[in-house]
Structures are given as structure tokens and as C-alpha cells.
Number of protein chains: 2
Amino acid sequence: NIALLTTIHDGCRYVSKAAAKPQVEFDYDGPSMKTTVPGPRSKELMKQLGQIQNTGAINFFCNYEESKGNYLVDVDGNRMLDIYTQISSIPIGYNHPALLKVMANPNNLSTFVNRPALGILPPENFPDKITESLLSVAPSGMTRVQTMSCGACSNENAYKAIFIWYRNKERGQNTPTNEELNTSMINQAPGCPELSILSFMGGFHGRTLGCLATTHSKAIHKLDIPSFDWPVAPFPRLQYPLDEFTRENAEEEARCLEEVEDLIVKWRQKGKPVAGIVIEPIQAEGGDNHASPDFFRRLRNIARKHGCAFHVDEVQTGGGGTGKFWAHEHWGMDDPADIVSFSKKLLSGGYYHKDELQPDKPYRIFNTWMGDPSKNLFLSEVLNVIRRENLLEEVTRSGKALLNGLYELQAQYPSILSRARGQGTFCAIDAFDDATRDRILLKARDKGVLLGGCGDRSIRFRPALVFKEYHVNLFLNIFNDVLAQHK
Amino acid sequence: NIALLTTIHDGCRYVSKAAAKPQVEFDYDGPSMKTTVPGPRSKELMKQLGQIQNTGAINFFCNYEESKGNYLVDVDGNRMLDIYTQISSIPIGYNHPALLKVMANPNNLSTFVNRPALGILPPENFPDKITESLLSVAPSGMTRVQTMSCGACSNENAYKAIFIWYRNKERGQNTPTNEELNTSMINQAPGCPELSILSFMGGFHGRTLGCLATTHSKAIHKLDIPSFDWPVAPFPRLQYPLDEFTRENAEEEARCLEEVEDLIVKWRQKGKPVAGIVIEPIQAEGGDNHASPDFFRRLRNIARKHGCAFHVDEVQTGGGGTGKFWAHEHWGMDDPADIVSFSKKLLSGGYYHKDELQPDKPYRIFNTWMGDPSKNLFLSEVLNVIRRENLLEEVTRSGKALLNGLYELQAQYPSILSRARGQGTFCAIDAFDDATRDRILLKARDKGVLLGGCGDRSIRFRPALVFKEYHVNLFLNIFNDVLAQHK
């Protein structure tokens, strides 16, 4: 199979491991590049769209009809191995036959055509559909789930559920006072209390105003937007590989946890008690920063000790990329969280929560759509495919190959690469600096590999769950070429 | 035709006007009730869903497959004339053939199956599709539009665009200082400045934390959620019918406008300048409160005078229900707003804005999905139907019949009904008190008419755009029966 790989790619000088042919039947054989990217047609469309929107973030325009499996095809006929998957939101590749079949089923038509107000008039199959989709993968200890349209709305509403829970706890059996009801209408305490959510430097939880107050990954996301005076704790800055720096990393984690407790006390004294703690199992947008299971277990205990809800944001980590369906499963806890939010690979936003986090009254957590049942139809099928094809095991296998390949490459190119890290295929590696990182991303793209950046100078790997060892080796070959040519 | 109507409904004692047979070919003939609502099957499902979510707001469960045109069918086989349309979000009725056709077109499949990250990798047809859909109905003076997943996200991002615009104006040619960049990361000024959005008592702009700071319709929406110290102006409390109280209403509007200016000055002095003013053309959730075109013109001038962006929230009013595509068109202005947000009947959230409200850099307004192109496909067809069938004229015609009918009913039942008001079919009427209102809503539902409440004691009418005079008369007959039987 090495021979096969090298015939596909001239100039391959690196194959970390032989691999079987791809099992992904609806996949292409490999990348195929016709132009540099963006090509002429993309540039034309960019000009057209520039009349309507800021196009500064647009990479290129896509031909989604022709895209298949792990390959994204652009409007200039370039076919790229996609290891970024729409910011980690395509679970089982492009145009998966199982999903196309959902569309072909006439019983499903009305779910697409008549979007309901789920909170008041759900469709007959709604309880069954969320039971067979979202609840079949519910985090440990949670039997309740609330769908939302996107990740930001999910976190916004999760925070609201936390605030409502916290105040109800303080209020005990008492009903809200008239003063509370009246002051809430004009944004003032006690009706709108000065509660806070503790978040972590480098964290990303969305960009709407509530979420943005807990997001601290890049200044450009936050500049000029009013915010809340909420505490921000340091997230551990670990050294990689984790098992070579156990002692140092444990010290760093202890330092951060101590700071968390200090902040909780300080904010309570300030009159802005911490109602909840929000954290990603792996900080993604902020640079793929990991912490140990021990860190999360201790943090969860701190939350419990101080009466704060523990909110695990799995918007980017959820859905299988780490080799488990939820990244928090790696912590090995029966009671990992009070609330777990999701979106992206789950195709619909939402959050799971423990019973006590359910609002005491209707309409406290509410909006017109409350999600989109047509996305749940697709999710059911995605979960079927994951189970049928043992994709979590496949991800674990591909992830090992990927991480080992990255270790070898950083050993081979120490002046360019460092800090390879990952769980499953949810991997990352750092470039020397941001300019180097950006240059590598563009070079790789022109050679047919689509990657994303995160943090200051990291490259993040976010392939679909159908990214096999075969694709890992294809990628490593191309990446090796890029690095070899890098001046 | 009166004869026809009375044979359809036994016991009809009231027909305001003869009407032609319905032109809606995919419609049913009239309501048909088998059980009280919710029926036994709905109750069963409610119990099932109660294990998963708070079901306190659920009316009943629906059979969307069997629903057609103006009629919503429930899981117990009850068929209701739907004058609430999923909180005003079904534009052209259930299972419209034009929308089913979108699903049958194989070229559209991949748009549903592969949801892109629109801000970085849009599909080839994206510029064309938003040009033929959203831009073909752009408000006067606006050529730019940003899609979002839902109404709340639309307003959140519109506010962000306003804050960014405002600070860039203050900053002039200067780039942000390091102090600004650094403080923004920890939620502090000057990076996260203390800017504000002025909103109106009774307004509703969504329930995420930024939006919620401008929402003031019901305490239960706001209680226990931290908020911003932003100014809240009084919205005119007009007397209806408007043309009988011209002088009184003009005085009331002048009082409110004066208060707006006072608040702008006061908040500037407080160090929390008003960057934008947000308002609905008709306050919907807050009780269907109207104001005159003159009020809005003057308010828009106040915004201009004080350098505040003027944000018109058309999430509920947009899409044709008022007889014009945008309710603000009734103001007769060339430059009605700086930013106009939408969702619901537009099927996708988003906002239009003037050129200067476009952020100066990419990623300042951004999230993973940035809307959903499959919703734009449906919207294109909705707009085609609206044009082809002159639905805005039809709405104007049905709306007149509806409002006249409501006038007659309130004259006939002065102890129950008052303050009939409306624009197009976007009508409302007040009941004596909230208990009376709620009783009427339930009675009407059991007779096959689905209505919604708003404000303290109002009934709001939000039919689809295919609600014809025929349906108006059907409704008036049933409503008359309900009122006649009301004790």
C-alpha cells in the first residue's frame, strides 16, 4: 500500500505506516488540484459577494454537490482532503448516502417544509426522535435535553438555566417578590441579580453578548463589545507530550485550580457570586489546550463545594472526534457535569442538564424555534452510522496514527513544529510562529489538504469521523512535502 | 356565499361580509374537531416529553404531514384554522406545494445534507441565492445582509455591529490601542466599553443576554438573569382606533420622544453612551402596541441627531403580514433605518444594514454556521409565491375585512372586547382581562380556531399570507359563537 500511496502522490518521501485502502465507499481516491486556491471562479464569486458582505474570512467557494466523504471540492474543480470539516461540523463526511436517504424518504418531507415552534406545538414524533437521537448519547447522569438553533444560543440558554437554578436555590420556597419582578423589567437588581459565570483565559463559548463575556481566545472577538464583570481564571498551560511532563503539568494545574477558588471567593465578596463555571474539555479556538482528567475532576469538586453549576461546553469536542462521543468521558466520572452544551457535529445546538437545572416554569427558557427537528432526523442517521461502522474505534485508531505521525514530523522538523498533542483525531501541532503557521496552511491547501488554525500559532486537525488511517497517511505524505519545501 | 358559509358552520349568526371561495388550492374546507384540545394522544405525548423537557408551554402535538394551507392538524385528528402560525413564522401555510417542490429537486439535496460554515466556505450559488431571495426584498437604502440562525442571534449580532461602528466612529483613523486589546480580553473598559442600546418598555427583541437587556415585555422572561444598565424609554400607549384620537395620541408620542432624548443625554453623562436605538414597528409580544409613522420618523431623526444607529427589529412584523413586506414601509421613508433584523417568516434569521455598519475586519461578526442556505432555498420560493399570487394585496384585503369584523364584534360585545387594532392581518384586540382572554383562546381552540395571546390581555392575529377573506369570515363566525356563549 505504500506503493499505492506514492503513485498517487509524486514526491512522497514519508509514509509513517502502511494502511488499508479506504473503507469509505462514497469517498474519492485522493486530492486533485487544478489551480491555486482560491481559483479564478472563487475570486469572481468573492467579488460578487463582496457587494453584500465582508468576505475577509472567506477561503473559497465550494461545490457541495461534487464533494464526497473526506473531500471538499471547490468551484474551480479542486478536490481537497478536508481536515477542517466546516470548523468541525461535518460528522460523517460530505453527501453521506445515509443522509441523502433521509431526504429521499417522503415521510420526512413535512419536517423540512413546516418548521414548528417546538416549545408550543411539537410534531408527533418529537419525543421519539430526540429519544433515539440526542438522548441515546446523553452524558452520564442526564436524561433531559433542550435543543436550540446554534452553539451560541445553546450556551446563552445554559447560562440562563444556571442563573435561574442559582436564584431559586437562594430563594428557597419563597416566590419572587414584587420588587424582584418590577426591577427585572428595567434590568436592575434584585430582579436582574449581579451573578456571574466563571470562565477560563483562552476559552471560547460563542460570540453573543452573554457567551462573549466567557470567551477569551482573541481580542478581535471581544473588542468594542460591552461585557460583564465576570471572573476569568487561568487555564493550565501544559507541556507536551503530557506523559513526559507529569510533575510540571500537575503543578501548573494546581496553580490554576487555586486561582479558581480564589476568584470564586473574591467575586462572592464583590457581590457578584459565581453561579456557574464553564469550560471546554479541550480549549479549541483558543489553541487546542489540554488539561488532565485529574484537573477536571478537581474542578468539578470545586464547583460542587462552592455551589456553582458545572457547565461543560462540548460544542467543538462533542460528537466523537476525541474517540469517545463526549470528550468528558475521558475523565471517567459518573457525574461529570450539571450541564453539557453541544452543536456542530450534533447538527443542532442544545444542552443536556440534570433534573434540578430544569426551569421551574414554562417560558423561562424559550424562543420561537427552539431548535429544528429536521436536524434531529439527520442526527439519528449519523448516530446509526457511527454505531454500525464503529466509527469511534476508527477515530481512536486514526487518531493514534495521526498523533504518531505528528510526533515523527516534529522530530524531523524541530525548527518548524512543536507541541504535537491530541485525543482521537482531535489533534493539533504548533508552528514556529503565526506567519509560519499561516504559510504552511496555504501551502498545504495548494497541495490539496484543508486545515485550520487556532490559538496564536497552532494548526488544528478536525477531520470527519470517516477519516481513516489511509487518509492519515495521505495527509502525512503531503504535509511532509510541505515541510520539506518550507524555507 | 353567506349561505355556503352557514352550511359549513352550524350556528353561524354572524357574517361580516360575503367572500369568494378560497383560492388556496392546498387548503381544507374548514375546521373539523374530534376532541377537546389537547386530546388524549397529545396528553400521552406530553407525558412522554415531560420526562425530557419542561412541557408547561406546550399546547398540543401536531400532525404536520396532514396539515395544509391555513389548517393545522393535531395528533388527535383535530383540524384547526391557524391564525397564530407557529408564533408568526409560517409564511405561506403548511405544506405549500411550492416548498414541497424544493425538496423534490435533486439539485437541492446537497444544500440540506452539507451545512456549510458560510463565513468561510460558502456554496457556489450563495451570492445568487441571497440576491434573489433576501436582497430582492431589501429595505430602502440597504444592499447588505448578514444571515444568522435565529432571531435572537440576529439581534445580538446587529447590536455588535452597532457597537463596532460606534467605537470606530469615536476612534477615527486610529487603530485600537494595546490597552484596548488587552482589557477586552478580560471584559474591562476601554476594550469592552460601557456602551448601551436604548430600548422601549414593552419591547421584545429576544432572550439571549444581550437581547434580553432590551426586552421588556414580561418579568418572567427577565427574572434572575443578569443584565446591562441600559436605558428603557416609554413606548407610546395609544388610544384606538387611531384616527379618532389623533390629538391625544400625538401628545403621548411627543412625551415618549422627549423621554428618549432625555435618556440619551442622561446615559451619555453616566458614561454609558447610547450607541443604538432598537424598536419594533409594532410591539408584538408586548401587546401589539402601535405608533404612528410620524413617531418613527421623529425617532429616526433623534437617532441621527445624537449619532445613534437606528435598528428596526422586524423579526415578527417582517415578511408581509402588515400588507407591506416590511412594516417600516408604512412610514414612507427613503432612509428608514441603519439596520433591520428579521427571522420567523423569512425562515432564516439575519439583518440588513447600511454600508457603514459593515465591520471593518473579518471575524468580528462571525460564527460557525452564519445561517443556513437550505432556508434561503425555501425563502426564494416563498417570495415567488408572494409575487405570483399578489399576496401582499390579499393580506391588505383580508386585513381590512378582519379589522372591520373586529370593530363590529367589539361594538357588539363592549363588555368583553376593546381596542381592536391592526395593519394588514397583523391585528389584535383586547379582552376584558387576562382570565377572559385566556378563556376565549381556549374556547376558540375547541371550536377549531387557533389564536395567540400577547401583552397582558390581548389576542393577536398572525395568520399566514394565504389567509383570505373567506378565512376571515370563517373565523368571525366562530369567534362570534365563542363570544355569544361567553358568560
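Being a predicted model, the structure only gives us computed values, none of them experimental. (Residues numbered from 1 in each chain as written. Chains lettered and ligands numbered in written order. Predicted model: local features only at pLDDT ≥ 70, side-chain atom pairs only at ≥ 80, totals over all residues. Heavy atoms only, no water.)

## A word on the sheet that holds strand 13 (residues 452-454) of chain B
All names here are of chain B. With respect to topology, four strands assemble into an open sheet ordered 10-11-14-13, the strand pairing being antiparallel. Strand pairing shows two members of the sheet lacking a second neighbour, strand 10 (417-423) and strand 13, which therefore form its edges. Here the average twist between neighbouring strands, direction ignored, is 30°. Note: strand 10 against strand 11 (residues 426-431), five bridges, orientation antiparallel. (Pairing = 2+ DSSP bridges. Helix = DSSP H or I, 4+ residues; strand = E, 2+ residues; numbered from the N terminus. Axes fitted to C-alpha atoms, helices over the stretch in contact; angles between N-to-C directions.)

## Focus on the domain arrangement of chain A
Interface size is often expressed as the accessible area that is lost when the parts come together. All names here are of chain A. The assigned domain composition of chain A is domain 1 (40-96 + 391-485) and domain 2 (115-388). Computed over C-alpha atoms only, the centres of domain 1 and domain 2 are separated by 28 Å. Taken together, the contact between domain 1 and domain 2 spans 28 residues of the former and 28 residues of the latter. In total, domain 1 and domain 2 occlude about 2400 Å² of area from one another, counting both sides; carbon and sulfur atoms represent 58% of this. When the buried surface of domain 1 facing domain 2 is broken down by residue, Arg419, Gln423 and Phe426 rank first, second and third, together holding 25% of it. Taken together, domain 1 and domain 2 are joined by two salt bridges. (Domains from an automatic or database assignment. Contact = heavy atoms within 4.5 Å. Buried area = accessible area lost by both parts, 1.4 Å probe. Salt bridge = Lys/Arg side-chain N within 4 Å of Asp/Glu carboxyl O.)

## Digging into the relation of the copies chain A and chain B
The operation relating chain A to chain B is a screw motion whose rotation component is 180°, with 0.0 Å of axial translation and a residual RMSD of 0.0 Å. Given the turn and translation reported, the copies of this chain are related as if by a two-fold rotation axis. In this assembly, 99% of the residues forming the interface of chain A have copies in chain B that are likewise at the interface, indicating an isologous arrangement. (Least-squares fit on C-alpha atoms with pLDDT ≥ 70 in both.)

## Describing the interface of chain A and chain B
Between chain A and chain B, the residue contacts involve 123 residues of the former and 122 residues of the latter. When chain A packs against chain B, the two sides together hide about 10800 Å² of surface, and 61% of this comes from carbon and sulfur. For the interface between chain A and chain B, the tally reads 10 salt bridges. Linking aspartate 372 of chain B and lysine 375 of chain A is a salt bridge whose minimum nitrogen-to-oxygen distance equals 2.7 Å. Between chain A and chain B we count 60 residue pairs in polar contact (both at pLDDT 80 or more) in total. Ranked by residues supplied to the side of chain A that touches chain B, first place goes to helix 7 (residues 151-171) of chain A with eight residues. Among the residues forming the side of chain A that touches chain B, the class breakdown is 64 nonpolar, 37 polar and 22 charged. (Polar contact = N/O pair within 3.5 Å; in protein donor to acceptor, adjacent residues only side chain to side chain. Nonpolar A, V, L, I, M, F, W, Y, C, P; charged D, E, K, R; others polar.)

## Considerations on the side chain of histidine 353 of chain A
Residues and elements named next belong to chain A. Within the element layout of this structure, histidine 353 appears in strand 9 (residues 349-353). You can call histidine 353 buried: its relative accessible area is 4%. In this view, histidine 353 contacts Met142, Thr143, Arg144, Asp338, Ile339 and Gln358; residues no more than four positions away in its chain are not counted. (Buried < 20%, exposed > 50% of the residue type's maximum accessible area, 1.4 Å probe, protein only.)

## Focus: the pairing of strand 7 (residues 309-313) of chain A
Each regular strand displays side chains that alternate between the two surfaces of the sheet. Residue and element names in this part refer to chain A. Of all five residues making up strand 7, five are buried, and the element is well covered by its neighbours. The alternating pattern of strand 7 places Ala309, His311 and Asp313 on one face and Phe310 and Val312 on the opposite face, and all of these are buried. One ladder, built from four bridges, connects strand 6 (residues 274-279) with strand 7; its direction is parallel. Of the residues in strand 7, the one forming a bridge with isoleucine 279 is valine 312. With helix 12 (residues 293-305) bridging strand 6 and its parallel neighbour strand 7, the resulting β-α-β unit is right-handed. (Right-handed = clockwise from strand over helix to strand, strands pointing away.)

## Thoughts on the nonpolar core
Phe200, Ile277 and Tyr352 of chain A together with Phe200, Ile277 and Tyr352 of chain B are the most contacted members of the largest nonpolar core, which has 224 residues in total. Contact partners of phenylalanine 200 of chain B, with chain neighbours within four places excluded, come to His216, Val232, Ala233, Pro234, Phe235, Val260, Ile277, Val278, Ile279, Gln283, Phe295 and Leu299 of chain B. (Core = buried A, V, L, I, M, F, W, Y, C linked by side-chain atoms within 4.5 Å.)

## Observations concerning the pattern of salt bridges
Taken as a whole and assessed by the stated rule, the structure comprises 66 salt bridges over all chains. With its nearest N and O atoms 2.8 Å apart, the salt bridge here joins arginine 304 of chain A to aspartate 335 of chain A. With arginine 304 of chain A in helix 12 and aspartate 335 of chain A in the loop between strand 7 and strand 8 (339-342), the pair connects residues that are 31 residues apart, well separated along the chain. Take arginine 304 of chain A: its relative accessible area is 43%, and that puts it in the partly exposed class. Assessed through its relative accessible area of 22%, aspartate 335 of chain A is described here as partly exposed. As a salt-bridge pair, arginine 171 of chain B and glutamate 180 of chain B come within 2.9 Å of each other at their nearest N and O atoms. In this structure, arginine 171 of chain B and glutamate 180 of chain B share a single accessibility class: buried. Taken together, the shared-partner salt bridges connect Arg167, Glu170, Arg171, Glu180, Asp360, Lys361 and Arg364 of chain A together with Asp224 of chain B into one network.

## Thoughts on helix 14 (residues 391-412) of chain B
Residues and elements named next belong to chain B. Taking 1.5 Å of rise per residue, 22 residues should cover 32 Å, and helix 14 covers 31 Å from first to last C-alpha, within 8% of that figure. Looking at helix 14, one finds that the buried residues are Leu391, Glu394, Val395, Ser398, Gly399, Ala401, Leu402, Leu403, Gly405, Leu406, Leu409 and Gln410. Residues of helix 14 that are buried in the fold lie against helix 13 (373-388), strand 10, strand 11, strand 14 (458-461) and helix 16 (469-485). (Expected span 1.5 Å × (residues − 1).)

## Concerning the packing of helix 15 (residues 434-446) of chain A against helix 16 (residues 469-485) of chain A
Residue and element names in this part refer to chain A. For the pair helix 15 and helix 16, interaxial distance at closest approach is 10 Å and the crossing angle is 125°. Compared by their axis directions, helix 15 and helix 16 come out oblique. Note that helix 15 runs across helix 16; the crossing there is right-handed. Residues Ile440, Lys443 and Ala444 of helix 15 lie in contact with helix 16, whose contacting residues are Phe479, Val482 and Leu483. Within the contact of helix 15 with helix 16, the residues separate by chemical class into five nonpolar, no polar and one charged. (Parallel < 35°, antiparallel > 145°, perpendicular 65-115°, else oblique. Left-handed = near helix turned anticlockwise from the far one by under 90°.)

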